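Below are the chains, spelled out letter by letter.
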Amino acid sequence: MFSDFDHSAMSRALELAARGLETAHPNPRVGCVIARGGQIIGEGWHARTGEPHAEVHALRAAGDAAAGATAYVTLEPCSHHGRTPPCVDALLRAGIARVVFALDDPNPRVNGRGAQVLREHGLRVESGLLAEAAADLNIGFLQRMRTGRPWVRVKLAMSLDGRTALANGESHWITESAARQDVQHWRARSGAVLTGIGTVLADDPRLDVRLEEPPQGARPPLLRVVLDSRLRTPPQARLFSVSGEVLLATLAPPAGEQADYAHRRAALEGRATLVTLQPDAQGQVPLAELLALLGRRDINELWVEAGPRLAGALLGAQLVDELILYVAPRLIGPQGRPLAELPGLAQLEDSPWFAIMDSRQIGADLRLRLRPDRR
């Protein structure tokens with residue numbers, strides 16, 4: 001049974017963990033509080049890969065007073081040597097008497113071993129406190145560890161009548177500046193952003209992170225991924241004008257186009273990482289295979305900004321974990337472009353359902369967070 005102070009201390013640890021929301025990638029966001037006698041004596045969080053983990057920072061802040069104290073950690077302490085030494089060793093050396101962690105770490109290199117080592121050395125170990133909040137903070141890391149693929153968020157912006165652009169494709173800007181800055185924060189917490197070649201050719205986006213108030217310290221560069229089955233990305237595209245890797249997911253050229261394809265490939269080599277995949281049953285870039293590839297590249301959260309075709313393909317394949325939908329209080333009319341291209345339905349009950357997880361006003365616009373409701 002956890003006390004009121006236990007809840008308060010873990011809540012504080014979660015607040016600290018959130019400070020690494022935009023910088024800790026690809027590591028999980030972890031916070032730690034050291035307390036004794038109902039008083040917090042040390043705090044820490046993991047800021048960036050390769051730097052000390054949350055437990056180490058908190059123990060340093062607590063100093064010798066950590067002996068006999070309780071450590072509250074938002075994720076099971078690691079027990080393996082990675083870029084930094086095991087956190088369980090630091091907790092043992094400091095003389096911590098009790099460890100409370102919110103969530104088991106599904107990383108196969110941890111996965112219960114951290115808690116086991118602590119118990120074997122006589123520490124009192126308890127878990128599950130505020131587990132749901134801790135899981136939401138690291139939803140992408142948990143998914144990648146369990147399934148091998150990232151958490152997929154699809155961003156869409158529409159008018160009140162469900163249109164994303166005028167009939168001629170003009171869409172700058174449906175939403176106002178506050179919503180567009182909100183998008184930058186979602187990009188910043190992601191490991192990669194995905195778009196389609198249609199968006200690249202129409203809008204020539206940079207797809208980088210442009211925050212008005214950047215987080216303290218540098219975050220890893222955002223990986224930009226383009227579905228480009230025929231390698232039509234222009235070598236002068238603005239994607240290549242900013243730092244960070246660009247990955248082009250393509251297919252082998254059809255018969256008769258090998259020469260043109262080879263020419264386009266040569267123009268892009270050195271600018272982008274080119275990955276040739278086998279086509280799916282519809283002759284398109286295989287989305288599930290691409291997600292698995294990104295999982296192997298340690299991408300926890302994938303942010304998708306694309307047109308209705310790619311959005312519809314991800315939805316149709318049930319590969320969308322979350323929708324971030326911005327609704328602008330304006331009307332465009334029936335000639336405008338749709339939100340997503342989906343196959344026709346014979347009956348309404350076959351339409352996909354979503355649960356609204358959160359709704360809030362961002363400037364003049366409304367932002368909805370939705371997740372599939374598999375009913």
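Conventions and cut-offs
- Residues numbered from 1 in each chain as written.
- Predicted model: local features only at pLDDT ≥ 70, side-chain atom pairs only at ≥ 80, totals over all residues.
- Heavy atoms only, no water.
- Phe/Tyr/Trp six-rings, centres within 6.5 Å; stacked < 30°, edge-to-face > 60°.
- Helix = DSSP H or I, 4+ residues; strand = E, 2+ residues; numbered from the N terminus.
- Buried < 20%, exposed > 50% of the residue type's maximum accessible area, 1.4 Å probe, protein only.
- 1 Å grid on protein atoms, 1.4 Å probe; cavity = no way out; pocket = protein on both sides within 12 Å on 5 of 7 lines; lining within 4 Å.
- Points joined across faces, edges and corners; volume = space filled by probe spheres on them.
- Nonpolar A, V, L, I, M, F, W, Y, C, P; charged D, E, K, R; others polar.
- Pairing = 2+ DSSP bridges.
- Axes fitted to C-alpha atoms, helices over the stretch in contact; angles between N-to-C directions.
- Contact = heavy atoms within 4.5 Å.
- Parallel < 35°, antiparallel > 145°, perpendicular 65-115°, else oblique.
- Left-handed = near helix turned anticlockwise from the far one by under 90°.
- Salt bridge = Lys/Arg side-chain N within 4 Å of Asp/Glu carboxyl O.

Structural notes on the packing of aromatic side chains
Part 1 of the argument: Applying the stated criterion across every chain, the model contains two aromatic pairs.
Part 2 of the argument: The interplanar angle of 75° and the centroid separation of 6.2 Å between the aromatic rings of Phe5 and Tyr72 together place this pair among those described as edge-to-face. Pair noted here: Phe5 is in helix H1 (residues 4–17) and Tyr72 is in strand E3 (residues 70–73), with a separation of 67 residues, a long-range link.
Part 3 of the argument: Overall, Phe5 belongs to the partly exposed group, its relative accessible area being 26%.
Part 4 of the argument: Ring geometry for Trp186 versus Trp303: centroids 5.9 Å apart, planes at 5°, classification stacked. Within this pair, whereas Trp186 is found in helix H7 (residues 177–188), its partner Trp303 is found in strand E12 (residues 301–305), the two being separated by 117 residues in sequence.

Observations concerning the layout of surface pockets
A water-sized probe, rolled over the atoms, reveals where empty space remains.
Part 1 of the argument: Here the second largest pocket is characterised by a volume of approximately 640 Å³.
Part 2 of the argument: At three residues, the largest contribution of residues to the lining of the second largest pocket is made by helix H11 (residues 308–316).
Part 3 of the argument: Across the lining of the second largest pocket, the residue classes break down as 17 nonpolar, three polar and five charged.

Some remarks on the sheet that holds strand E11 (residues 273–277)
Part 1 of the argument: The strand order across the open sheet formed by nine strands is E11-E10-E9-E8-E12-E6-E13-E16-E15, and the pairing between neighbours is mixed. The sheet is open, and its two borders are formed by E11 and strand E15 (354–362), each paired with just one other strand. The mean angle between the axes of side-by-side strands here comes to 20°, regardless of whether they run parallel or antiparallel.
Part 2 of the argument: In this structure, strand E13 (residues 322–327) lies alongside strand E16 (residues 365–372), joined through five bridges in antiparallel fashion. If you follow Leu325 over to E16, its bridge partner there is Leu368.
Part 3 of the argument: Of the strands in this sheet, strand E6 (151–158), E12 and E16 touch helix H6 (residues 139–147), which is tilted by about 135° from E6.

A closer look at unusual backbone geometry
Part 1 of the argument: A cis amide bond links His25 to the next residue, Pro26, at an omega of 0°.
Part 2 of the argument: Among the secondary structure elements, Pro26 is positioned in the loop between H1 and strand E1 (31–36).
Part 3 of the argument: If you check the backbone angles, Asn111 has positive phi at about 45° while not being a glycine.
Part 4 of the argument: Position of Asn111 among the secondary structure elements: in the loop between strand E4 (98–101) and helix H4 (113–120).

Focus: empty space enclosed by the protein
Part 1 of the argument: Here the structure, examined in full by the defined rule, presents one cavity of 30 Å³ or more.
Part 2 of the argument: Roughly 50 Å³ of volume is contained in the largest cavity.
Part 3 of the argument: Looking at the largest cavity, the residues that line it are His25, Asn27, Pro28, Arg29, Asn138, Gly140, Phe141, Arg189, Asn300 and Glu301.
Part 4 of the argument: A class-by-class count of the residues in the lining of the largest cavity yields two nonpolar, five polar and three charged.

Description of the packing of helix H3 (residues 87–94) against H4
Part 1 of the argument: Two elements in contact, H3 and H4, have axes separated by 10 Å at closest approach and are oriented at 20°. The angle between H3 and H4 places the two elements in the roughly parallel class. In this structure, H3 crosses over H4, and the sense of that crossing is right-handed. Of the residues in H4, those touching H3 at Val88, Leu91 and Leu92 are Gly114, Val117 and Leu118.

What about the pattern of salt bridges?
Part 1 of the argument: All told, the structure shown has 23 salt bridges when counted by the stated rule.
Part 2 of the argument: With a closest N to O distance of 2.6 Å, Arg98 and Glu126 form a salt bridge. In this pair, Arg98 is assigned in strand E4 and Glu126 in strand E5 (residues 124–127), connecting sequence segments 28 residues apart. The two residues Arg98 and Glu126 agree in class, both being buried.
Part 3 of the argument: The closest approach of N and O atoms between Arg367 and Asp358, which form a salt bridge, is 3.4 Å.
Part 4 of the argument: Overall, the relative accessible area of 5% leaves Arg367 in the buried class.
Part 5 of the argument: Three or more residues are tied together by salt bridges with common partners; here these are Arg29, Asp136, Arg153, Arg189, Glu301, Glu322, Arg369 and Arg371.

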